[in-house]
Amino acid sequence: MDRRQQKTRKAILQAFRALLTRKRYDHITVQNILDEANVGRSTFYAHFETKDVLLDALCSELFYHFLDNERCPFVGETDDLESQLCHALYHLKEERQDLAGILLSDSGELFMTYFKHHLHGIFEQHVSRFETNVPTAFLLNHLAVSFSEAVRWWLKEGMRTPPETIIRYFTEVTIQH
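Residues numbered from 1 in each chain as written. Predicted model: local features only at pLDDT ≥ 70, side-chain atom pairs only at ≥ 80, totals over all residues. Heavy atoms only, no water.

Undergrad: Hey, could you go over the confidence of the model for the chain for me, with residue numbers and the actual values?
TA: Mean pLDDT over the chain stands at 85; residues scoring 70 or higher make up 87%. Confidence, expressed as mean pLDDT per element, reaches its minimum in the chain at helix 6 (residues 96–103) with 68 and its maximum at helix 2 (residues 30–37) with 97. (pLDDT = per-residue confidence, 0-100. Helix = DSSP H or I, 4+ residues; strand = E, 2+ residues; numbered from the N terminus.)

Undergrad: Describe in detail the packing of helix 1 (residues 3–22) against helix 2, supporting the description with residues and values.
TA: Packing of helix 1 against helix 2 brings their axes to within 8 Å, and their N-to-C directions diverge by 115 degrees. In this structure, helix 1 meets helix 2 at a crossing whose hand is right-handed. On helix 2, the residues touching A11, I12, A15, F16, A18, L19 and R22 of helix 1 are N32, I33, E36 and A37. Here the residues of the contact of helix 1 with helix 2 are counted per class, giving eight nonpolar, one polar and two charged. (Axes fitted to C-alpha atoms, helices over the stretch in contact; angles between N-to-C directions. Left-handed = near helix turned anticlockwise from the far one by under 90°. Contact = heavy atoms within 4.5 Å. Nonpolar A, V, L, I, M, F, W, Y, C, P; charged D, E, K, R; others polar.)

Undergrad: Outline helix 4 (residues 51–63), listing residues and values.
TA: In an α-helix, one full turn covers 3.6 residues, which means residues spaced three or four apart are oriented alike. Between its first and last C-alpha atoms helix 4 spans 18 Å; for 13 residues at 1.5 Å apiece the expected length is 18 Å, and the two agree. Of all the residues in helix 4, the buried ones are K51, L54, L55, A57, L58, C59, L62 and F63. Where helix 4 begins, the capping side chain belongs to T50, and its oxygen is found 3.3 Å from the backbone nitrogen of D52. (Expected span 1.5 Å × (residues − 1). Buried < 20%, exposed > 50% of the residue type's maximum accessible area, 1.4 Å probe, protein only. Polar contact = N/O pair within 3.5 Å; in protein donor to acceptor, adjacent residues only side chain to side chain.)

Undergrad: Outline the pattern of salt bridges, supporting the account with residue identities and numerical values.
TA: Oppositely charged side chains can pair when the atoms bearing their charge come close. The full count for this structure, using the stated rule, is seven salt bridges. In this structure, R24 engages D26 in a salt bridge whose closest nitrogen and oxygen atoms are separated by 3.2 Å. The salt bridge involving R152 is made with E109; its shortest N-O contact spans 2.8 Å. Separated by 43 residues along the polypeptide, R152 in helix 8 (residues 136–156) and E109 in helix 7 (residues 108–125) bring together distant segments of the chain. Overall, R152 belongs to the buried group, its relative accessible area being 12%. Residue E109 is classed as partly exposed on the basis of its relative accessible area, which comes to 47%. (Salt bridge = Lys/Arg side-chain N within 4 Å of Asp/Glu carboxyl O.)

Below, the structure written as structure tokens:
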């Protein structure tokens, strides 16, 4: 993709992010996105087949990095579960305006679904750490839901509590030692 295409794609994604902080996903039309991004319909469709594909691309952009710890200033020397979760919180905090706006908006449930999906990947890497008699799928779902709700609480509280403290709270109530 050349620079012009990258710039256009970025403009569409930014416009979509901005709209999501003001409107519900299902109330946003492709025309709204076109107007906000100041691009034509054919340009939009050259980058994204549908609004749903755009949503998937936005969620991947927002959440995928949490699983990619290489060359990230928020990651220490270890790749243990607590470090990875803390890494995710630092990224949320860094992008607080956009992410908080989206996660706490009317479209928040949709994004929480994507967020939980990406959290599954983090917890799945560490599933052997848990000594339990419940099915793995149940455990992964429980951990992803619990952590995503902890994040939602943290966002609503204005992210005043340091990420390390949130991770300590989460591990104390969720993870057996």
